[in-house]
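Chain and residue survey
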Amino acid sequence: MIEIDLAATVLRVALGTTMIAHGWNHAFGGGRLPGTARWFESIGIRPGRLHALLATLTELGAGALLLIGLLNALAAAMVVGTMTVALIANHIKNGYFIFRPGEGYEYVLLIILAACGLAALGPGRWSVDHLVGLGLDGPLGLAVAAVAGGGGGLLLLAVFWRPGARPRG
């Protein structure tokens, strides 16, 4: 149905553009990658340089994949993973609303849920996945995004996140 293809395309473009903007800002905005690394260190994600680079590449890569509709469920999992880390490490303590001091979690939660919804919906017919015959949507697509993405984010936090610990150096 054209309505489903249209909805999938709108979601892919919105999420893809947002993730590319996130990654671009980490790399080239404000303090650039070194500033992003210092910020990661300040919230307890170490080593900051490594995680700034990985988060930036993940956001840029997920955004590009979503824009063209390639590996949709995997790209959605990448979004879920990076936003899960942001949700837990930085936003959840500040309450729901984004306009609260320190920025609440409504924005990152919405991105997580939109990515999960897109993984369940699939990329639509106007995608590279459809063109080459890749089909991973429905409950399995949702599981890939939620379990691989959320699980990956939680694993990263378990191994590398030490809130309250003093930065090295």
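Higher on the page you've got the structure.
The residue numbering used here restarts from 1 in each chain and proceeds along that chain's sequence as written. Per-residue local features of the predicted model are confined to residues with pLDDT of at least 70, and side-chain atom pairs are confined, for both listing and counting, to 80 or more; whole-chain, interface and lining totals are unaffected and use all residues. Heavy atoms from the whole structure form the basis of all side-chain values; hydrogens and water molecules are not counted.

Focus on the nonpolar core
As used in this record, nonpolar core signifies buried Ala, Val, Leu, Ile, Met, Phe, Trp, Tyr and Cys residues forming a set joined through side-chain atoms within 4.5 Å. Only protein chains enter the calculation, and the probe is 1.4 Å; a residue is then buried if its accessible area is under 20% of its type maximum, exposed if over 50%, and partly exposed in between. Within the largest apolar cluster, 21 residues are counted, with the highest numbers of intra-cluster contacts made by V79 and M83. Secondary structure elements with two or more residues in this core: α1 (2–28), α3 (48–68), α4 (72–91) and α5 (106–121). Within the second largest apolar cluster, eight residues are counted, among which are F40, V85, A89 and W161. Strands are runs of DSSP state E lasting at least 2 residues, helices are runs of H or I lasting at least 4, and numbering of each runs from the N terminus.

Remarks on the packing of α4 against helix α7 (residues 138–160)
Interaxial angle, 0 to 180 degrees, is taken between N-to-C directions of lines fitted to C-alpha atoms, where a helix line uses only the stretch in contact. Axis separation between α4 and α7 bottoms out at 7 Å; the angle between their running directions is 40 degrees. Relative to α7, the element α4 is oriented oblique. Crossing of α4 over α7 shows right-handed handedness. Across from A73, L74, A76, A77, V80, G81, T84, V85, I88 and A89 in α4, the residues of α7 making contact are G141, V144, A145, A148, G149, G150, G153, L154, L156 and L157. Gly falls in the polar group here, along with every residue not listed as nonpolar (Ala, Val, Leu, Ile, Met, Phe, Trp, Tyr, Cys, Pro) or charged (Asp, Glu, Lys, Arg). Residue composition of the contact of α4 with α7, by class: 14 nonpolar, six polar and no charged. Any angle that falls under 35 degrees is termed roughly parallel, while one over 145 is termed roughly antiparallel, one within 65 to 115 roughly perpendicular, and all others oblique. Two helices crossing with the near one rotated counterclockwise from the far one by less than a right angle form a left-handed crossing, whereas a clockwise rotation gives a right-handed crossing. Here, residues are in contact when the closest pair of their heavy atoms is within 4.5 Å.

Examining the pattern of salt bridges
Salt bridges are defined by distance alone: a side-chain nitrogen of Lys or Arg within 4 Å of a carboxyl oxygen of Asp or Glu. By the definition in use, this model includes two salt bridges. Between D5 and R125 there is a salt bridge; the shortest N-O distance is 2.4 Å. Of this pair, D5 sits in helix α1 while R125 sits in the loop between α5 and α6 (128–132), and the two are 120 residues apart along the sequence. Its relative accessible area of 44% is what places R125 among the partly exposed residues. Here R46 and E41 are joined by a salt bridge, their closest N and O atoms 3.0 Å apart. Residue classification places R46 among the buried positions, given a relative accessible area of 9%. Residue class for E41 comes out buried when judged on its relative accessible area of 17%.

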